[in-house]
Amino acid sequence: MTMPADPFANDPLEAGTGGSTATIEREEVRQEVEPGDAERFAHYVRKEKIMESAFTGEPVIALCGKVWTPGRDPEKFPVCPECKEIYNGLRPGDDKPKG
């Protein structure tokens, strides 16, 4: 009668067996996404960034911090209250004609 093989004979945790383990650490990057709310608003983004996104497909970042790839008609949605508040708090540009 033969005995079954020892299940602990090739323990990878045992020193000198040639087996090794490694822990891979990676930093998880999450974008803050609040389901629903941010999707219901049109957000403020610089026009040139919208155009750049249209050509490259890269996402844009709104004043409120929302990151997305534009693709819908902003006229169909109300303006994001957070974007509007930030925009209204910005200093006015120097658009006035000098004379």
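One structure accompanies this document, and this report is about it. (Residues numbered from 1 in each chain as written. Predicted model: local features only at pLDDT ≥ 70, side-chain atom pairs only at ≥ 80, totals over all residues. Heavy atoms only, no water.)

### Here we look at the overall build of the protein
Consideration 1: Counting its regular elements, the protein contains two helices and two strands.
Consideration 2: Mapped in sequence order, the helices and strands of the protein form the string α-β-β-α.
Consideration 3: With 99 residues in all, the protein has 10% of them scored as buried.
Consideration 4: At a minimum sequence separation of 6, the contacts of the protein that also span at least 24 residues come to 44%.
Consideration 5: Of the roughly 9500 Å² of accessible surface on the protein, a fraction of 53% belongs to carbon and sulfur atoms. (Helix = DSSP H or I, 4+ residues; strand = E, 2+ residues; numbered from the N terminus. Buried < 20%, exposed > 50% of the residue type's maximum accessible area, 1.4 Å probe, protein only. Contact = heavy atoms within 4.5 Å. Areas by Shrake-Rupley, 256 points an atom, 1.4 Å probe, with all protein chains shown as cover.)

### Observations regarding the pattern of salt bridges
Consideration 1: Within the structure shown, the criterion is met by one salt bridge.
Consideration 2: Between Glu 48 and Arg 46 there is a salt bridge, with the nearest N and O atoms lying 3.4 Å from each other. (Salt bridge = Lys/Arg side-chain N within 4 Å of Asp/Glu carboxyl O.)

### Details of the side chain of Ser 53
Consideration 1: Looking at the secondary structure, you find Ser 53 in helix α1 (residues 47–56).
Consideration 2: Dropping the residues within four chain positions of it, Ser 53 is found in contact with Glu 58, Val 60, Thr 69 and Pro 70.

### Focus on the state of the cysteines
Consideration 1: Applying the stated criterion to the full structure yields zero disulfides.
Consideration 2: Cys 64 takes part in no disulfide bond, and the closest cysteine sulfur to it belongs to Cys 83, at a distance of 3.6 Å.
Consideration 3: For the unlinked cysteine Cys 80, the closest cysteine sulfur is that of Cys 83, found at 3.9 Å. (Disulfide = S-S within 2.5 Å.)

### Concerning the packing of aromatic side chains
Consideration 1: In the structure shown here, the tally under the stated rule is one aromatic pair.
Consideration 2: Judged by centre distance (5.0 Å) and plane angle (70°), the rings of Tyr 44 and Tyr 87 are edge-to-face. A residue pair is termed long-range when its members are at least 10 positions apart, and Tyr 44 in the segment before α1 and Tyr 87 in helix α2 (residues 81–89) qualify at 43 residues.
Consideration 3: Classification of Tyr 87 as partly exposed rests on a relative accessible area of 48%.
Consideration 4: Note that Arg 72 overlies the ring of Phe 77, its terminal NZ or CZ placed 4.0 Å from the centroid. (Phe/Tyr/Trp six-rings, centres within 6.5 Å; stacked < 30°, edge-to-face > 60°. Lys NZ or Arg CZ within 6 Å of the ring centre and 35° of its normal.)

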